[in-house]
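This is what each chain is made of:
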Amino acid sequence: MMAGRWDGETFVMPVRVYYEDTDAAGIVYYANYLKFAERARTESLRALGIEQGRLMDDSGVAFAVRRALADYRKPARLDDLLEVRTRLTAMGGASLEMDQEIARDGAILVALSFKLACMRTDGRPERIPEPVRVALAACFEPRNQS
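A short tour of the structure in this document, coming up. Owing to the predicted nature of the structure, the values given are computational and were not obtained by experimental measurement.

Reading the values: the criteria
- Residues numbered from 1 in each chain as written.
- Predicted model: local features only at pLDDT ≥ 70, side-chain atom pairs only at ≥ 80, totals over all residues.
- Heavy atoms only, no water.
- Helix = DSSP H or I, 4+ residues; strand = E, 2+ residues; numbered from the N terminus.
- Buried < 20%, exposed > 50% of the residue type's maximum accessible area, 1.4 Å probe, protein only.
- Contact = heavy atoms within 4.5 Å.
- Areas by Shrake-Rupley, 256 points an atom, 1.4 Å probe, with all protein chains shown as cover.
- Lys, Arg positive; Asp, Glu negative; His and termini not counted.
- Charge placed at Lys NZ, Arg CZ, Asp CG, Glu CD.
- Arc of directions from axis to C-beta.
- Salt bridge = Lys/Arg side-chain N within 4 Å of Asp/Glu carboxyl O.
- Core = buried A, V, L, I, M, F, W, Y, C linked by side-chain atoms within 4.5 Å.
- Pairing = 2+ DSSP bridges.

## With respect to the overall build of the protein
- Summing up its helical and strand segments, the protein has three helices and seven strands in all.
- Mapped from its N terminus to its C terminus, the protein presents α and β elements in the order β-β-α-α-β-β-β-β-α-β.
- Once the C-alpha set of the protein is aligned to its principal axes, its extents read approximately 45 × 30 × 30 Å.
- Sorting the 146 residues of the protein into buried and exposed places 42% on the buried side.
- In the protein, once contacts between residues fewer than 6 apart in sequence are set aside, the share between residues at least 24 apart is 67%.
- For the protein, the computed accessible surface area is about 8200 Å², with 49% contributed by carbon and sulfur atoms.
- One finds the centroid of the 21 positive side-chain charges in the protein at a distance of 4 Å from the centroid of its 22 negative side-chain charges.

Right under this line is the structure:
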């Protein structure tokens, strides 16, 4: 079970860096930050009562990354305890935008920005289901609504 907590409009989830997350020098491999971010987005939705497997089964929709931007500032290392901070910045009819930061002791190591598309399992775009929209709106205050 993943842990996480709400801090205002931000979901904060701890992540420990394990040996499997690092390269031969003990530094986190760059692609693993994307995995940490994915887990935190998933857990932020789960904390709102939105389980992605159930969403696919009940509504026939899923969220897929449409765009990802990563700004790698400082490396994380073996055994570091990191925080992944997730915040919704925009919600459209069939998309979400989220900013994420991966930090150690308050210092931002990686800043990430994602656009997620809501889509049917056959790949066609689909509006965000109303229960998901309501859950997100109750917890986040996006800067822009389109």
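Once the structure has been displayed, the description carries forward.
## Describing helix H3 (residues 130-139)
- Taken as a whole, H3 has its buried residues at Val132, Arg133, Ala135 and Leu136. Buried residues along H3 cover an arc of 165° about the axis, so they all sit on one side. Turned more than 90 degrees away from the buried face of H3, the exposed residues are Pro131 and Ala138.
- Packing partners of the buried residues in H3 comprise helix H1 (30-47), helix H2 (52-59), strand E3 (61-72), strand E4 (81-91) and strand E5 (95-104).

## What to know about the pattern of salt bridges
- Throughout the structure, instances matching the rule amount to 11 salt bridges.
- The residue Arg104 makes a salt bridge to Asp80 at a minimum N-O spacing of 2.8 Å. With Arg104 in strand E5 and Asp80 in the loop between E3 and E4, this pair connects stretches of sequence that are 24 residues apart.
- The partly exposed category is assigned to Arg104, whose relative accessible area is 22%.
- Each of the salt bridges in this network shares a partner with another, and the network as a whole consists of Arg5, Glu83, Arg85 and Glu101.

## Structural notes on the environment of Gly53
- Along the chain, the position of Gly53 falls in helix H2.
- Judged by relative accessible area, which is 39%, Gly53 ranks as partly exposed.
- A C-alpha to C-alpha distance of 12 Å links Gly53 and Thr121, two positions 68 residues apart in sequence.

## Some details on the nonpolar core
- In terms of nonpolar packing, the biggest core is built from 33 residues, with Phe36, Phe63, Leu96, Ile102 and Leu136 touching the most fellow members.
- Sorting elements by how many residues they give to this core places strand E6 (residues 107-120) first, with six residues.
- Discounting chain neighbours no more than four positions away, the residues touching Phe36 are Met13, Val15, Asp21, Val28, Leu82, Val84 and Ile102.

## Quick word on the pairing of E6
- Pairing analysis gives 11 bridges linking E3 to E6, with the strands arranged antiparallel. Each bridged residue has a counterpart across the sheet, and for Val61 the counterpart in E6 is Arg120.
- Here E5 pairs with E6 via 10 bridges, running antiparallel. Following the sheet pairing, Asp99 is matched in E6 by Ser113.
- The turn joining E5 and E6, which pair antiparallel and follow one another in sequence, is formed by two residues; a positive phi near 50° is taken by Asp105.

Taken by themselves, the reported measurements are silent on function.
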